[in-house]
Amino acid sequence: MRSELRAYLKRLFNDLHFTALHVTHDPDEAFELGTRVGVLERGKLIQWGTPQQLYRYPASLNVARLSGVCGVAVAECLERNGNTAQVRWQEHIHTIPAHTDIRPGPAHLLLRPDALRPAADGFAAQLADARFQGDRWLAQVRIGEDSPLPVHLRDTPGPGLRLQLRESLAWLIPITQ
């Protein structure tokens, strides 16, 4: 019923070409209906943008979690260079897109399921869980001491899994956010 109502509202908004303010506590509903989405936290607007912007560049951990599956690792920001930062994670230096408030020191490295991919020369990963989703697996993996991180896999996950970070698909935010 809810999905049918969302589909109806989306058609209505598009067909009538009018602007509507739709208030909801359902993130899926907001991302499906909104061309722009605002996220409020304790009465304060913490991020405003397209659903794609909120998914790709969340301003905080709360926005990241609202906008989809997201893993969080702690990395060390070594230096910020414009829109990116040099980051040490898993004993390697990476160039990661970064929030404007990022400074040298510990930071949250946000990883969506597509930010990691299988690679023979990648990080050793231990499989914590996996769910088949039709055309792929959504796995939870442990890399080093990090909490489980999500990764999409095409093949059945098994022992000896090695993963590589797709730097451009990761996102760095300050830990204080």
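Before any of the text, the structure's been laid out above.
This one's a predicted model, so the numbers in the text were calculated from it and none came from an experiment.

Colleague: Lay out the side chain of D26 in plain terms, naming residues and giving numbers.
Modeller: Along the polypeptide, D26 turns up in the loop between α1 (2-16) and α2 (27-33). Non-local contacts of D26, meaning those with residues more than four positions away in its chain, are made with R2 and R6.

Colleague: Account for a nonpolar patch on the surface, naming residues and giving values.
Modeller: On the surface, a cluster of nonpolar side chains totalling about 380 Å² of accessible area is made up of L40, L45 and W48. Examined against the element boundaries, W48 turns out to sit in strand β2 (residues 44-49).

Colleague: Break down the pattern of salt bridges for me, citing the residues and quoting the values.
Modeller: In the structure shown here, the tally under the stated rule is three salt bridges. R88 is the partner of E76 in a salt bridge, and the nearest nitrogen-oxygen pair spans 3.0 Å. One end of the pair, E76, is in strand β3 (residues 71-81); the other, R88, is in strand β4 (residues 84-89), and 12 residues separate them in sequence. Its relative accessible area of 39% is what places R88 among the partly exposed residues.

Analysis parameters
- Residues numbered from 1 in each chain as written.
- Predicted model: local features only at pLDDT ≥ 70, side-chain atom pairs only at ≥ 80, totals over all residues.
- Heavy atoms only, no water.
- Helix = DSSP H or I, 4+ residues; strand = E, 2+ residues; numbered from the N terminus.
- Contact = heavy atoms within 4.5 Å.
- Patch = residues over 30% accessible without salt bridge, like charges linked within 9 Å, V, L, I, M, F, W, Y side chains within 5 Å.
- Areas by Shrake-Rupley, 256 points an atom, 1.4 Å probe, with all protein chains shown as cover.
- Salt bridge = Lys/Arg side-chain N within 4 Å of Asp/Glu carboxyl O.
- Buried < 20%, exposed > 50% of the residue type's maximum accessible area, 1.4 Å probe, protein only.

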